[in-house]
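# Observations on chain architecture
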Amino acid sequence: MEQYVIKGGTPLLGEVSIAGAKNAALGILAAAVMTDDEVIIENVPNVRDTRVLLQAIQGIGARVHYQDEHTVSICGKTIKNDKYLCVDDEYIRKIRASYYLLGALLGKYKHSQVALPGGCDIGMRPIDQHTKGFKALGAQVSIHHSMITAEAEHLTGSHIYLDVVSVGATINIMMAAVLAEGKTTIENAAKEPHIVDVANFLNSMGANIKGAGTDVIRIRGVKQLKGTTYSIIPDQIEAGTFMMAAAATRGDVLITNVIPKHLEAITSKLTEIDAIVEEYDDAVRVHCENRLGSTNIKTLPYPGFPTDMQPQMAVTLGLSEGTSIITESIFENRFKYVNELARMGANIKVEGNVAIINGVKGYTGANVIAPDLRAGAALVIAGLVADGYTIIDDIKYIQRGYEKFSTKLRALGASIERVETEKEIQKFKLKTG
Ligand code: UD1
């Protein structure tokens, strides 16, 4: 089993370039099968989730070709469109975004069947809003033997009000509605940058979507979509993670290939706790020399503070002067990393969806387990700060969403290595001891 071994205590210094947005890529790769023409997608992050989704896309008969590490061409013409068209393999059940193929295939073929999604265990994660949207467009939706099926004679535009702001439901309904007859309105839509990116991508394929990025999205159905070449936006959460790592280690890092506007909630909180954030056209620099201050945070849908940055922020606040409070309002099970962080000396008390953080002066290295993707990245940050050695298990979660994480951190001066055996850990300790 792969692990990270880290020797902490070195401030991160230098420059790091951010990959394409994983969550945008997952929507866009799924949507690419909605035309029979070739689609070329650039700036695809080479992470486990995108590789798995591409494998599933290939599994249903589409042609997938990596032109280079970050450029993928997809052609949906060869998909076997028959009643057996079904997305299910041992991998697809592991990733949450597998359900995007439901909306994409329903839009294109008017029927789809996909294994119920997996992903990180951070809460209940129901899909009732997705199915509500498909039903409003005229589809029948059923769940049997952990497979979800959606089918329709015709898809007809509709007025859909989402009961909760859901990124996944907004993207899924948008994909199906693009090829429905007539007009669809999605109200109380999610506004995340990757919603806008998926909409822009679909529009570049000939769709007619207006209002993405606001809470009312208006779609006028078109008959068919065409091929396109499209480049994915930078990953807001990868950028935010490096911003936190720079602040927590009291380093100085220039984070390039970002859209600073997408990082505003993170920038604003970092500034509030006395880190210095400088914004450039497509980069941010984060530096800090002194101990950071405390603050209160509530996770909210975009443009609020992202739930996907909550664990990384908690690790940073765990080292700050004073008491901070984090309220997690999106997922109910997102404080599982707190027990692991406590093993490194953090003083955090969780009551329901609230974490009360009493800042400590430093962390100490320990053996910890990554409970999910973002919490795993947060534990890496803790390890980078900690005194001594930290070993992180279950890094497969981290690899779901961070491209070359340890390589990028090493380039910033961190002592971190991916290892598989005790012997490799000992070798790392000898080298860094
Ligand atoms: C996406 C992101 C994930 C991020 C999350 C919130 C992807 C692949 N994943 O997940 O990284 O943490 O947005 O920003 O883009 N809900 C319902 N019914 C539904 C759908 C959602 O009640 O049908 C609830 C969820 O339980 C949650 C909230 O709505 O409380 C937001 O979930 P949602 O935005 O759908 O998250 P995901 O799309 O799964």
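Everything that follows concerns the structure shown earlier in this document.
Residues numbered from 1 in each chain as written. Predicted model: local features only at pLDDT ≥ 70, side-chain atom pairs only at ≥ 80, totals over all residues. Heavy atoms only, no water.

### A closer look at helix H6 (residues 193-204)
- The terminal C-alpha atoms of H6, which comprises 12 residues, lie 16 Å apart, in line with the 16 Å expected from a rise of 1.5 Å per residue.
- Backbone geometry just after H6 places Gly206 at a positive phi near 105 degrees. (Helix = DSSP H or I, 4+ residues; strand = E, 2+ residues; numbered from the N terminus. Expected span 1.5 Å × (residues − 1).)

### Overview of the packing of aromatic side chains
- Taken as a whole, this structure holds six aromatic pairs when the rule is applied.
- Geometrically, the ring pair formed by Phe201 and Tyr230 is edge-to-face, given 5.5 Å between the ring centres and 70 degrees between the ring planes. You can see Phe201 sitting in helix H6 and its partner Tyr230 sitting in strand S13 (residues 229-231), a full 29 residues away along the chain.
- Relative accessible area serves as the criterion here: at 0%, Phe201 is assigned to the buried category.
- Here Tyr230 falls in the buried class, since its relative accessible area comes to 12%.
- An aromatic cluster of three or more residues is present, and its members are Phe242, Tyr402 and Phe405.
- If you follow Lys429 out to its NZ or CZ, it ends over the ring of Tyr389, 5.2 Å from the centre. (Phe/Tyr/Trp six-rings, centres within 6.5 Å; stacked < 30°, edge-to-face > 60°. Buried < 20%, exposed > 50% of the residue type's maximum accessible area, 1.4 Å probe, protein only. Lys NZ or Arg CZ within 6 Å of the ring centre and 35° of its normal.)

### Regarding the pairing of strand S3 (residues 38-42)
- Bridge analysis of S3 against strand S5 (residues 71-75) gives four bridges, and the strand direction is antiparallel. Pairing of Ile41 across the sheet is with Val72, part of S5. (Pairing = 2+ DSSP bridges.)

### Quick notes on the pattern of salt bridges
- For the structure shown, the criterion picks out 17 salt bridges.
- The closest approach of N and O atoms between Lys261 and Glu264, which form a salt bridge, is 3.3 Å.
- Among the ionic pairs, Lys404 bridges to Glu403, the shortest N-O distance being 3.8 Å.
- Note on Lys404: relative accessible area 43%, which makes it partly exposed. (Salt bridge = Lys/Arg side-chain N within 4 Å of Asp/Glu carboxyl O.)

### A few points about the packing of helix H1 (residues 22-31) against H6
- One can describe the packing of H1 onto H6 by two numbers: an axis separation of 8 Å at closest approach and a directional angle of 25 degrees. By the criterion of interaxial angle, the relationship of H1 to H6 is roughly parallel. In the crossing of H1 with H6, the sense of the turn from one axis to the other is right-handed. Contacts between H1 and H6 pair Asn23, Ala24, Gly27, Ile28 and Ala31 from the former with His194, Asp197, Val198, Phe201 and Leu202 from the latter.
- When grouped by side-chain class, the residues that make up the contact of H1 with H6 number six nonpolar, three polar and one charged. (Axes fitted to C-alpha atoms, helices over the stretch in contact; angles between N-to-C directions. Parallel < 35°, antiparallel > 145°, perpendicular 65-115°, else oblique. Left-handed = near helix turned anticlockwise from the far one by under 90°. Contact = heavy atoms within 4.5 Å. Nonpolar A, V, L, I, M, F, W, Y, C, P; charged D, E, K, R; others polar.)

### As for the sheet that holds S13
- If you walk across this open sheet you meet the four strands as S4-S5-S3-S13, and the pairing is mixed. Here the strands that pair on one side only, and so sit at the sheet edges, are strand S4 (63-68) and S13. With direction set aside, neighbouring strand axes in the sheet form an average angle of 20 degrees.
- Contacts from H6 reach S3 and S13 within the one sheet, and its direction differs from that of S13 by about 165 degrees.

### A closer look at the sheet that holds strand S20 (residues 354-358)
- Across the sheet, which stays open at both edges, the four strands sit in the order S17-S18-S20-S19 with mixed pairing between neighbours. Both outer strands of the open sheet, strand S17 (296-298) and strand S19 (347-351), are each paired with one neighbouring strand and no more. Sheet twist, expressed as the mean angle between neighbouring strand axes with direction ignored, is 15 degrees.
- Across five bridges, the pairing between strand S18 (residues 323-327) and S20 is antiparallel. Its bridge partner being in S20, Thr323 is matched across the sheet by Asn358.
- Its contacts with the sheet place helix H9 (residues 310-317) against S17, S18 and S20, and it is angled at close to 170 degrees to S18.

### Details of the site of the ligand
- For the ligand, the set of nearby residues contains 21 residues, the closest of which are Gln129, Ser166, Val167, Asp308 and Ile330.
- Contacts to the ligand include Gln129, whose backbone N or O atom sits 2.7 Å from an oxygen atom.
- Side-chain polar atom of Ser166 to an oxygen atom of the ligand: 2.6 Å apart, as the coordinates give it.
- Here the ligand loses 87% of its free accessible area of 740 Å² to cover by the protein chains.
- Taken together, the elements giving at least two residues each to the shell around the ligand come down to helix H4 (128-136) and helix H5 (167-178).
- Split into classes, the residues belonging to the shell around the ligand amount to nine nonpolar, seven polar and five charged.
- Residue contributions to the shell around the ligand reach at least three from each of two domains, namely domain 1 (3-15 + 235-432) and domain 2 (24-220). (Near = heavy atom within 4 Å. Polar contact = N/O pair within 3.5 Å; in protein donor to acceptor, adjacent residues only side chain to side chain. Areas by Shrake-Rupley, 256 points an atom, 1.4 Å probe, with all protein chains shown as cover. Domains from an automatic or database assignment.)

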